[in-house]
Amino acid sequence: MSEITLREYALRHGKSLSNMYNKANAGQLNARKAGSIWLIDENEPDVDCRSTGVDKICPRCGNHFVGSGRAVYCPDCKKELNRQRAAEYRKRQK
Ligand SMILES: [Zn+2]
């Protein structure tokens, strides 16, 4: 195993450096500070718990789906709910 700087790690993973520093400071990355630079194991997996691929259960239909951090309903229910909302909106307009 060898350590690389956080800058190198960010480059390899296509991440923004400031984002990596935030994570390191928050203890979300297994990085250590050596003087003024952050070092990290080059094989450290990129744990991104928020931006992509969270397994969720839709409260409306109970189906499992993979959504972003803010998604509540599965794509099917979201479509259906949006359709209903639009229909109700049009009804109120009359
Ligand atoms: Zn659903």
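This write-up is about the structure you can find in this document. (Residues numbered from 1 in each chain as written. Predicted model: local features only at pLDDT ≥ 70, side-chain atom pairs only at ≥ 80, totals over all residues.)

### Looking at the environment of Y73
Tracing the sequence through the fold places Y73 in the loop between β5 (64–67) and α3 (75–93). By the C-beta count within 10 Å, which is 19 here, Y73 ends up partly exposed. Placed 12 residues apart in sequence, Y73 and R85 show a C-alpha to C-alpha distance of 14 Å. Sequence-distant contacts of Y73, that is, excluding residues within four places in its chain, are made with C58, R60, K78 and L81. (Helix = DSSP H or I, 4+ residues; strand = E, 2+ residues; numbered from the N terminus. Buried ≥ 20, exposed ≤ 12 C-beta atoms within 10 Å, placed from the backbone. Contact = placed C-beta atoms within 7 Å.)

### Overview of the sheet that holds strand β1 (residues 3–5)
Taken in spatial order, the three strands make up an open sheet running β1-β3-β2, and their pairing is antiparallel. Edge positions in the sheet fall to β1 and β2 (31–34), since each has one partner strand and no second. Sheet twist, expressed as the average angle between the axes of neighbouring strands with direction ignored, equals 40°. With three bridges joining them, β1 and strand β3 (residues 37–41) adopt antiparallel strand pairing. The residue bridging E3 from the neighbouring strand is D41, located in β3. Here helix α1 (residues 6–13) sits on the sheet and contacts β1, β2 and β3; the angle it forms with β1, its principal contact strand, is near 85°. (Pairing = 2+ DSSP bridges. Axes fitted to C-alpha atoms, helices over the stretch in contact; angles between N-to-C directions.)

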